Amino acid sequence: MADVEERQKDMCPICKTDRYLSPDMKFLVNPECYHKMCESCVDRIYSLGPAPCPYPNCGKTLRKNRFKLQIFDDILVEKEIDIRNRILSIYNKIQDDFDDLQSYNSYLEEVEEMIFNLMNGIDIVNTETKLKQYKEENLQKIDLNNNNREKEFEDFKKREEFEKNLKIQKLQLERQIEIEEKQLNELAKKEILNKLTTSNDINQTISQVKASVLKKSSARRKQLKEIMTSLQNSNNPQQEQHQESSSSSIPFTPFNGDRELKQNFNKLSNYYDPFIDELKLKKDYIAAGWKSELVYERILNEAFIGIGCFIQDEKKNSILLSS
Amino acid sequence: MSQRVTFDELYRRSTQYRKWSFTKEELLNKRIQINSKGCAKVDERLNQLKDQIEPNSIEKVTIDEELKLISFHSRRIGMLAKHFNMPSQVRATAISFLRKFYLVNSVMEYHPKLVLLTCLFLAAKSENYFISINSFSKRIPKTTPESILSLEFEILQSLEFTLLTHHPFRPLYGFFFDLQDVLKDEMKPNELGKIYDDARKLIDEALISDAVYHFTPPQIALACLKEINNDIILKYLSKKFKPNKLDTVKEKDEEDDDEQNETIKPTIENELTQSMYEKIVATVEECQKFIRNGENPTKEQATEIDRKVQYCLNPSLILKRKRENTTDINGDSNGIKKQKTDSI
C-alpha cells in the first residue's frame, strides 16, 4: 500500500510518467486548484492558451503563466503560503503603527482569522469583500508599508552581499600571503647561501636578507588589516543596539518588586582597614576583578539588613494572630 | 514601578528569621518539649531491659544540664576549628548547626561529642571551605569517615535543610566602617580598630548564647560593640537614628530610616524615628544581657553531665557497673572515670 503511494507521489497523474524513467521531471501546480502535473503536460496542454484542468470533476480554467514549481510536498502548505502572502501584502501594518500591544494583537488575530477562513473555505464571500474594502480604504498606507518592507529587505541583502565579498577577499588575501611567504622564505634561503659564498660576516648577511623579506610581506599585511577593520565595522552597529537595550532594562529579581535603592549610610571612597588595604595591592585580586568599593558596599549593606526586625515583638504578634 | 522591598523585609524572608528565630517563651517551650522527648526515649530503652534493671535506677538529664553540655561542646567546636585552621565563618556556622540540632533533638538521643564532628564537617562544606572526609577524620583520633557521615543526614533533616546562617561578623565589620564615617570628627580610626577587634572576640560569646535566636545579626553586632564601649555606640546610634539634628547628612539618614520602617507617615515622622531610636537601644541592651550571661560550664561540670548522658544513652552500662561493683568495690569509681575520659 505504502509502496503504491510512494510511487504515485513520483508519478504524473496525467501522463503517468514516472520519475524512475525521467529523473529530472518537475511538478508544477496552479494556484487556482492546486492540482499537480508534470512540466511536459503543462507544455502540452496549455501552450495554445487557457484550457480546463485535466483532473476529473475540476473543470477550472487555467493559464500557463500562473503555473509554479511545487516546493512543499503537502499541497495544503503550498496553498496556505500563497494565501498568506496575498493577505499579508494587504494587511501589512507593523507594531509601530499601533498605540498599544492590545490593539496590535487583535489586529494580528483578525488577519489570522481571515487566512484561516480562506484556507478552509469558511465564509469566503464575506472575507473577500472585507479584504477588498480594506484594500480600498488603506491603499496609500499599504503601498507605503510595502515599499518600506522592500527597502529593508534590499538593505539587508546589500549588507549581506558586502560582508560576503569582504570575507572572500580576506580569504584570498590570506592564501596569497601564505604562498608568498613560502616563496620568500625559499628565496631568502637561496640568497643567504649565495651571499655566504662571497662575504665573510655571516650574521650580518643573514639579518640583511631577513629585513628585505619582512619589508615585502608587510605591505600585504596592511591590506589584510584594513579588510578586517571594515568587517568589524559592518558588524558593530547591530552589537551596539543590543548593548543599549540590555543595559536599560531592570534586572529580574526573585522578590516581589525590587530592592530598596536608598542606602542607610554614606559610602566613603576609602575606609581605614589594614586587611583590605593589603588586598588592594595584590595583583591576583585586582586581575580577577576585585574592587574594594564593592567590598565596602556589601559589608555596609549587611550591617543594616535586619536591624529593624524586632523578633521578640514580631513573633509574639504572629503567634497571637495564628491562635 | 512595583513596590520596593526594604532591607528589613529581606531579612524577614530568610530562613534564619522564619524558622530559627523565637520569642523567649517559644524557646523555653521547645526545650521543655525536647527534654521530655529525650526522657521518653530513655524510658523506652529501660523498658527493654526491664528484667535486669529497675526503671528508676537511671538519673535523667535536666533542661539546664542539657544546655550546659551543649554550650561546653559548642566551645569545643571553636578549639577544633582552630586546630583545622578554619575561618571564623565556618566555626560560627558549625556552632549554629550544633545548637539548632539540639533544638530538635535531645542530648539523650544523640551525644553531642559525635554530633559536633559532623556539624563541623558539614559547616566546612556549606561555607565553601571543603575538606575531604578522609583527611578530616584522619586528623581527629578515634573516628572513621563512616562514623562522621552516618549522622550527616540526620543533622540535615533536623536543620530542615536550611544551611545558610547569617552571622554577626559582617554586620560588625559594616558598623566598623560606618562608625568611621559618622564619628569621623571624634574618633581616630585605629582607636575604632581596637574596639572592633575586641567586639569581634565577644561575638564568639554571643554565638553560644541564646541571643542568636532572639536578635538579628546587626543587633548582636551592635550589642557586642556597646559592651566594649558604651558611650561611643550610644553616640553613634543617636546620630544615626535620632531626629532633630540640623546636620543635613543626618537628615538624609533619617529619611532612609523612615523608608525602612515602611509605616511612617510624614506628619509623625519625628515621633516615630524617636521611638525607633529608643527601640533599637532597648533591643541592643537586652541583647547585651544575653551575651553577658552566656553559659561557660567547667570541664568538671561537663564530665558530670556527660556521665549521666552516657547511662541514658546506653542503660546496659549500669549492668556492667553492677558487675564490677560485686567484684571490686574500690574499682568502681576508677572504672567509670576511665570511661569518662575516653569518651570526652
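Residues numbered from 1 in each chain as written. Chains lettered and ligands numbered in written order. Predicted model: local features only at pLDDT ≥ 70, side-chain atom pairs only at ≥ 80, totals over all residues.

**Here we look at the overall build of chain A**
Point 1. Helices and strands together make up the secondary structure of chain A, namely eleven helices and six strands.
Point 2. Counting over 323 residues, chain A shows a buried share of 8%.
Point 3. Long-range pairs, those at least 24 residues apart, make up 53% of the contacts in chain A with a sequence separation of at least 6. (Helix = DSSP H or I, 4+ residues; strand = E, 2+ residues; numbered from the N terminus. Buried ≥ 20, exposed ≤ 12 C-beta atoms within 10 Å, placed from the backbone. Contact = placed C-beta atoms within 7 Å.)

**A short note on the interface of chain B and chain A**
Point 1. In this assembly, 39 residues from chain B lie in contact with 30 residues from chain A.
Point 2. Put simply, the parts of the chain that give the side of chain B that touches chain A at least two residues each are strand S1 (4–5), helix H1 (7–12), helix H10 (169–182), helix H11 (189–208), helix H13 (217–228), helix H15 (248–260) and helix H16 (269–292) of chain B.
Point 3. The element contributing the most residues to the side of chain B that touches chain A is H10(B), with nine residues.
Point 4. By residue class, the composition of the side of chain B that touches chain A is 15 nonpolar, 14 polar and ten charged.
Point 5. Bridge count between strand S6 (residues 258–259) of chain A and S1(B): two bridges; the pairing is parallel. Within the sheet, the bridge partner assigned to Asp258(A) lies in S1(B) and is Arg4(B). (Nonpolar A, V, L, I, M, F, W, Y, C, P; charged D, E, K, R; others polar. Pairing = 2+ DSSP bridges.)

**Focus on the UniProt feature "coiled-coil region" (unreviewed entry) in chain A**
Point 1. With numbering aligned to this structure, UniProt lists the feature "coiled-coil region" (unreviewed entry) at residues 163–190 of chain A.
Point 2. Taken end to end, residues 163–190 of chain A is 100% helix and 0% strand, and its two terminal C-alpha atoms sit 41 Å from one another. (UniProt positions renumbered as here; feature names shortened; annotations may be inferred.)

**Description of the packing of H10(B) against H13(B)**
Residues and elements named next belong to chain B.
Point 1. Direction vectors running N to C along H10 and H13 enclose 60 degrees, while the axes themselves pass 8 Å from each other. Put simply, H10 runs oblique to H13. For H10 against H13, the interelement crossing comes out right-handed. In contact with Pro171, Leu172 and Phe175 of H10, H13 contributes Pro217, Pro218, Ala221, Leu222, Cys224 and Leu225.
Point 2. Across the contact of H10 with H13, the residue classes break down as nine nonpolar, no polar and no charged. (Axes fitted to C-alpha atoms, helices over the stretch in contact; angles between N-to-C directions. Parallel < 35°, antiparallel > 145°, perpendicular 65-115°, else oblique. Left-handed = near helix turned anticlockwise from the far one by under 90°.)

**Things to note about the sheet that holds strand S5 (residues 68–69) of chain A**
Residue and element names in this part refer to chain A.
Point 1. Strand order in the open sheet made by the three strands is S2-S1-S5, with antiparallel pairing throughout. Edge positions in the sheet fall to strand S2 (37–38) and S5, since each of these pairs with one other strand and no more.
Point 2. In the sheet, strand S1 (residues 27–29) pairs with S5 via two bridges, with the strands oriented antiparallel. Counted as the bridge partner of Val29 is Lys68 from S5.

**Thoughts on the environment of Phe67(A)**
All names here are of chain A.
Point 1. With respect to the helices and strands, Phe67 occurs in the loop between strand S4 (61–62) and S5.
Point 2. A count of 18 C-beta atoms within 10 Å places Phe67 in the partly exposed class.
Point 3. A C-alpha to C-alpha distance of 8.3 Å links Phe67 and Val42, two positions 25 residues apart in sequence.
Point 4. Setting aside anything within four residues of it in sequence, one finds Phe67 in contact with Leu28, Asn30 and Val42.

**With respect to helix H10 (residues 292–303) of chain A**
Point 1. The end-to-end C-alpha distance of H10(A), which contains twelve residues, comes to 17 Å, matching closely the 16 Å that a straight helix rising 1.5 Å per residue would cover.
Point 2. For H10(A), the full list of buried residues reads Tyr296(A), Ile299(A), Leu300(A), Glu302(A) and Ala303(A). All buried residues of H10(A) lie within an arc of 160 degrees about the axis, which places them on one face of the element. Of the residues in H10(A), the exposed ones pointing more than 90 degrees away from the buried face are Glu293(A), Leu294(A) and Arg298(A).
Point 3. Buried positions along H10(A) lie against H10 and H13 of chain B. (Expected span 1.5 Å × (residues − 1). Arc of directions from axis to C-beta.)

**Structural notes on the nonpolar core**
Residue and element names in this part refer to chain B.
Point 1. In this structure, Ala94, Leu98, Cys119, Leu120, Leu172 and Cys224 are the most contacted members of the largest nonpolar core, which totals 85 residues.
Point 2. Here this core gets nine residues from one element, more than from any other, and that element is helix H6 (residues 112–126).
Point 3. Those residues in contact with Leu120 that sit more than four places away from it in its chain are Ile77, Leu80, Ala81 and Ala94. (Core = buried A, V, L, I, M, F, W, Y, C linked by C-beta atoms within 7 Å.)

**Some details on the packing of helix H3 (residues 75–90) of chain A against helix H4 (residues 101–120) of chain A**
All names here are of chain A.
Point 1. Where H3 contacts H4, the two axes come as close as 10 Å, and the packing angle between them is 135 degrees. On the basis of their axis angle, the class for H3 and H4 is oblique. In this structure, H3 meets H4 at a crossing whose hand is right-handed. Note on element contacts: H4 touches H3 through Val111, Met114, Ile115, Leu118 and Met119, opposite Lys79, Glu80, Ile83, Arg84 and Ile87.
Point 2. Each residue belonging to the contact of H3 with H4 can be placed in one class, and the counts come to seven nonpolar, no polar and three charged.

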